[in-house]
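Results of the structural survey
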2 protein chains.
Amino acid sequence: MADVLARSLREGAVGCSGETFVFFDLSRLQNLLDRLKAAFPPTTLHAVAVKANPTVEILRQICLAGHGCEVASIGELELANTVGFPHEAVVFDSPVKTREELEYALRLGIGINANSLGELERIDALYSPSSSRSRIGVRINPETGKGSINTTSVATHNSKFGVPMKKNRDTLLRVFSAYKWLTGVHVHIGSQGMSPEQLLEGVGTVYDFFVEARQSTEVTVFNIGGGLPAKYRESEKPIRFAEYADSLRLRCPDLFTPSVSLVTEFGRSLHASCGWVASKIEYRVESSDGTPTLLVHVGADMFVRKAYRPDDWHHDISVCDSKGNLRTGTMRTFRVAGPLCFAGDYLDRSVSLPNDATEGDYVIVHDAGAYTFSMWSLYNSRQFPPIIGYEGPGTKFRHLRNRQSVEDIVKFWSCVT
Amino acid sequence: MADVLARSLREGAVGCSGETFVFFDLSRLQNLLDRLKAAFPPTTLHAVAVKANPTVEILRQICLAGHGCEVASIGELELANTVGFPHEAVVFDSPVKTREELEYALRLGIGINANSLGELERIDALYSPSSSRSRIGVRINPETGKGSINTTSVATHNSKFGVPMKKNRDTLLRVFSAYKWLTGVHVHIGSQGMSPEQLLEGVGTVYDFFVEARQSTEVTVFNIGGGLPAKYRESEKPIRFAEYADSLRLRCPDLFTPSVSLVTEFGRSLHASCGWVASKIEYRVESSDGTPTLLVHVGADMFVRKAYRPDDWHHDISVCDSKGNLRTGTMRTFRVAGPLCFAGDYLDRSVSLPNDATEGDYVIVHDAGAYTFSMWSLYNSRQFPPIIGYEGPGTKFRHLRNRQSVEDIVKFWSCVT
């Protein structure tokens, strides 16, 4: 990362773009997409989660690679349409789909996963085989419990996501018999903080239902929603696509036969490691307790989860000098604080960094390509930073998104007809 | 609120504006601004915190009422300029002001509070009395400790805000002697979660320093930054403007004499109770544990703090039917969940609401006018809801901000030159 930052500073690629830059390695993304493709049967639809990273230019690359996308709102659906994803390669998941949204998705032939029995009733009232080619499934909550992070664990008994399986197994079987248009199941238990065993148990539980349902109904689509944990620390060894596919093949053999239409919804494990953020150290201030604070230009606006749930989330941090050379040497403990008027606005409250970190240097936040800027918070009306793409060593930099202008911010808060 | 919602639905004021509406009572805001004005000496500059609520049409009313504003970024400064606040009525606070930003603020004559000794050095290098009419102060951290909410407590020993007083008292006195342009002190310890005694202790500690500094320097401006807690529960009795001013007058008598230029920076206590949010119940789903979940169209996107730190923040919730009539009758425990693909997306995980709450009804979130939509998170690319102003019973509704269009969202994620 340091070499890329150094080159971007040398070549003026960051221009007058402020003090924070998101860098995104498009060749790494391509490599991960290829690995994903190779791990699963070639007919698998890989519907990449737009919510992890909605940058249009990045979605475009995913589309060009022949993949689909998963959308969780009408805004995300329009992003998919703008990029040009084929409608049959788009999957619409949301727990609050309105009748109008369902009607629109059915008309376009977008894939839909109903979140509840009530939503299935609505779809039944709206669906007609002559006017829709949508593949429709139902999200099933296997109720296999939570992982190490509460706020991303979606397979608890009281989850708002999916039809809880234990109480509703028979109802679900009846529903599949009653609704001929219902051809798919969807499962998603959460990804970060989940062990491979938990992920497998979640999919396996719904798979067993799927096998049973197939004996009497037309169900053919299996959507392994949810993804895999991303690696945020050197010490972590998250399961890879190929290993995951292998373990699924053992536990759920039918999924890998031509009679099943397989769908995946990875996001974090594709994007996280491709993105990183450089932000200028504006001030180094000494606190009464002896631990210096580095004040940078990004914080709880981009790293919402890290700032609000610091014990659940982690990003490695390093420091480069003002020319982009990695600082090494004697280390000491620092706080790294963001720019916002908010006491919770820290990237890290205790991190070992080179002692000579100083004003004008850059703090580098690693593994920031997923669920970071996609959650951007408008607090303090700061400008969204530029996203700068590159393909690997020595290749040209390309702005995937410009820095937001202040005029844009003023427009946002004054838009009245 | 129910009567206002009912009328807005009857009159079609919410139009085709989606399923979530922010309502804002402009007459209540005017009333609170008047009460604030009456509580302090007439020459006091009330610089209302833009970060609490940056809606331009609402800022316009504050400006027309003769008040100023406090800004925490260049984006907020441009909002102030758009509205037309006189430059001398604008106060720029931020812990990461760049040299360019300082230069710009000095040129315009915007008030500045330096956050650190390092920032004072920068200002000294940039300032010239002939080219700037800025009133410049320094933020002092009285180190009086934290309140009941960690993430809004800014007067701890390790705070990133202000010059810690205990170690730097003599340095600060020297600084005031050395920099003739330095004429103000600023103090802010946090508001929500702070007792009146704590607020008074924070201001009082810096006041004692101020009195001492006045004996040998030109310091004349005292900025009581930070505000007062807002009332979020019926049982809470937060201190009012007049009571607060009275207690300050006792503890810090000089502040109320003509020789001192007093500045305040209220935000939460002005805006919170003026705003409330109505969001349609899209689905009522039964969970395995017997507690039903109401799924609505707003959640962790607008209520970032409530969703991520549910134990720190509270909003009362009530339910109206589809015509806006308040539901009463037998109560039971519900969960109220937002629309996002995120397990932490709850407005409340255990709230007593009328048992007959059902699809098509509206959930009303009380006291939502401050630090809610101003922190809007882009997660899931959902449309920012309309903000609808009204002046009191029977008056006309006025859109203060339209609902965001999906085209706008697409533009946000694809803006490249």
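Use the structure listed above.
One structure accompanies this document, and this report is about it. (Residues numbered from 1 in each chain as written. Chains lettered and ligands numbered in written order. Predicted model: local features only at pLDDT ≥ 70, side-chain atom pairs only at ≥ 80, totals over all residues. Heavy atoms only, no water.)

Here the focus is the packing of helix α5 (residues 99-108) of chain B against helix α6 (residues 117-126) of chain B. Residues and elements named next belong to chain B. Running from N to C, α5 and α6 point in directions that differ by 55°, and their axes come no closer than 10 Å. As summarised for this structure, α5 and α6 are arranged oblique, according to the angle between their axes. Helix-helix and strand crossings are classified by hand; for α5 and α6 the assignment is right-handed. Where α5 approaches α6, its residues R99, L102, E103 and L106 are matched on the opposing element by E119, R122, I123 and L126. Of the residues belonging to the contact of α5 with α6, the class tally is 4 nonpolar, no polar and 4 charged. (Axes fitted to C-alpha atoms, helices over the stretch in contact; angles between N-to-C directions. Helix = DSSP H or I, 4+ residues; strand = E, 2+ residues; numbered from the N terminus. Parallel < 35°, antiparallel > 145°, perpendicular 65-115°, else oblique. Left-handed = near helix turned anticlockwise from the far one by under 90°. Contact = heavy atoms within 4.5 Å. Nonpolar A, V, L, I, M, F, W, Y, C, P; charged D, E, K, R; others polar.)

So, on to the interface of chain A and chain B. With 94 residues of chain A in contact, the opposing surface of chain B contributes 94 residues. Across the chain A/chain B interface, buried area totals approximately 7600 Å², and carbon plus sulfur atoms make up 60% of it. Of all residues in chain A, A:K160, A:Y308 and A:W413 bury the most surface against chain B, accounting for 11% of the area lost on that side. Put simply, chain A and chain B have 6 salt bridges between them. The salt bridge involving B:D345 is made with A:K160; its shortest N-O contact spans 2.8 Å. Taken together, the connections running from chain A to chain B amount to 34 residue pairs in polar contact (both at pLDDT 80 or more). Considering only residue class, the side of chain A that touches chain B consists of 40 nonpolar, 31 polar and 23 charged. (Buried area = accessible area lost by both parts, 1.4 Å probe. Salt bridge = Lys/Arg side-chain N within 4 Å of Asp/Glu carboxyl O. Polar contact = N/O pair within 3.5 Å; in protein donor to acceptor, adjacent residues only side chain to side chain.)

In summary, the two copies of the chain are related to each other by a rotation about an axis coupled with a shift along it. In screw terms, the move from chain A to chain B is a rotation of 180° and a rise of 0.0 Å along the axis, fitting with an RMSD of 0.0 Å. The operation mapping one copy onto its partner corresponds to a two-fold rotation axis. Within chain A, A:S377 has its C-alpha nearest the rotation axis, a separation of 2.0 Å. Residue by residue, 100% of the interface of chain A is reproduced at the interface of chain B, so both copies engage with the same surface. (Least-squares fit on C-alpha atoms with pLDDT ≥ 70 in both.)

What follows covers the environment of B:S259. All names here are of chain B. Counting through the fold element by element, S259 comes out in the loop between α9 (241-251) and β10 (261-264). On the basis of relative accessible area, S259 is assigned to the partly exposed category, the value being 39%. In the structure, S259 is positioned 57 residues away from D316 in sequence and 44 Å away in space, judged by C-alpha atoms. Setting aside its immediate chain neighbours within four residues, S259 contacts R214 and T220. (Buried < 20%, exposed > 50% of the residue type's maximum accessible area, 1.4 Å probe, protein only.)

Right, let's talk about the nonpolar core for a bit. It is characteristic of soluble globular proteins that their nonpolar side chains tend to be buried jointly. With 227 residues, the main nonpolar core has A:F40, A:F222, B:F40 and B:F222 as its most contacted residues. The dominant element in this core, judged by the number of residues it contributes, is helix α8 (residues 196-214) of chain B, at 8 residues. Each residue touching B:F222, except ones within four places of it in the same chain, is listed here: B:V185, B:V187, B:V203, B:V206, B:Y207, B:F210, B:L255, B:V260, B:S261, B:L262 and B:V263. Counting 34 residues, the second-largest nonpolar core is a separate cluster that includes A:A49, B:A72, B:Y232 and B:Y371. (Core = buried A, V, L, I, M, F, W, Y, C linked by side-chain atoms within 4.5 Å.)

Right, let's talk about the packing of aromatic side chains for a bit. As enumerated under the stated definition, the model contains 43 aromatic pairs over all chains in all. Ring centres of A:Y244 and A:F266 lie 6.3 Å apart, and the angle between their planes is 85°; this geometry places the pair in the edge-to-face category. Here the residue A:Y244 occupies a position in helix α9 (residues 241-251), and A:F266 occupies one in the loop between β10 (261-264) and α10 (268-271), the gap between them amounting to 22 residues. Residue A:Y244 shares its accessibility class with A:F266, and that shared class is buried. A ring pair is formed by A:F384 and B:F412, whose centres lie 5.1 Å apart and whose planes are at 75°; its orientation type is edge-to-face. One end of the pair, A:F384, is in the loop between β17 (362-365) and β18 (387-390); the other, B:F412, is in helix α12 (residues 406-414), on a second chain. Each member of the pair, A:F384 together with B:F412, is buried. One aromatic cluster in this structure is built from A:F21, A:F23, A:W276, A:Y362, A:Y390 and A:F397. One cation-aromatic arrangement involves A:R305 over B:F342; the distance from NZ or CZ to the ring centre is 4.6 Å. (Phe/Tyr/Trp six-rings, centres within 6.5 Å; stacked < 30°, edge-to-face > 60°. Lys NZ or Arg CZ within 6 Å of the ring centre and 35° of its normal.)

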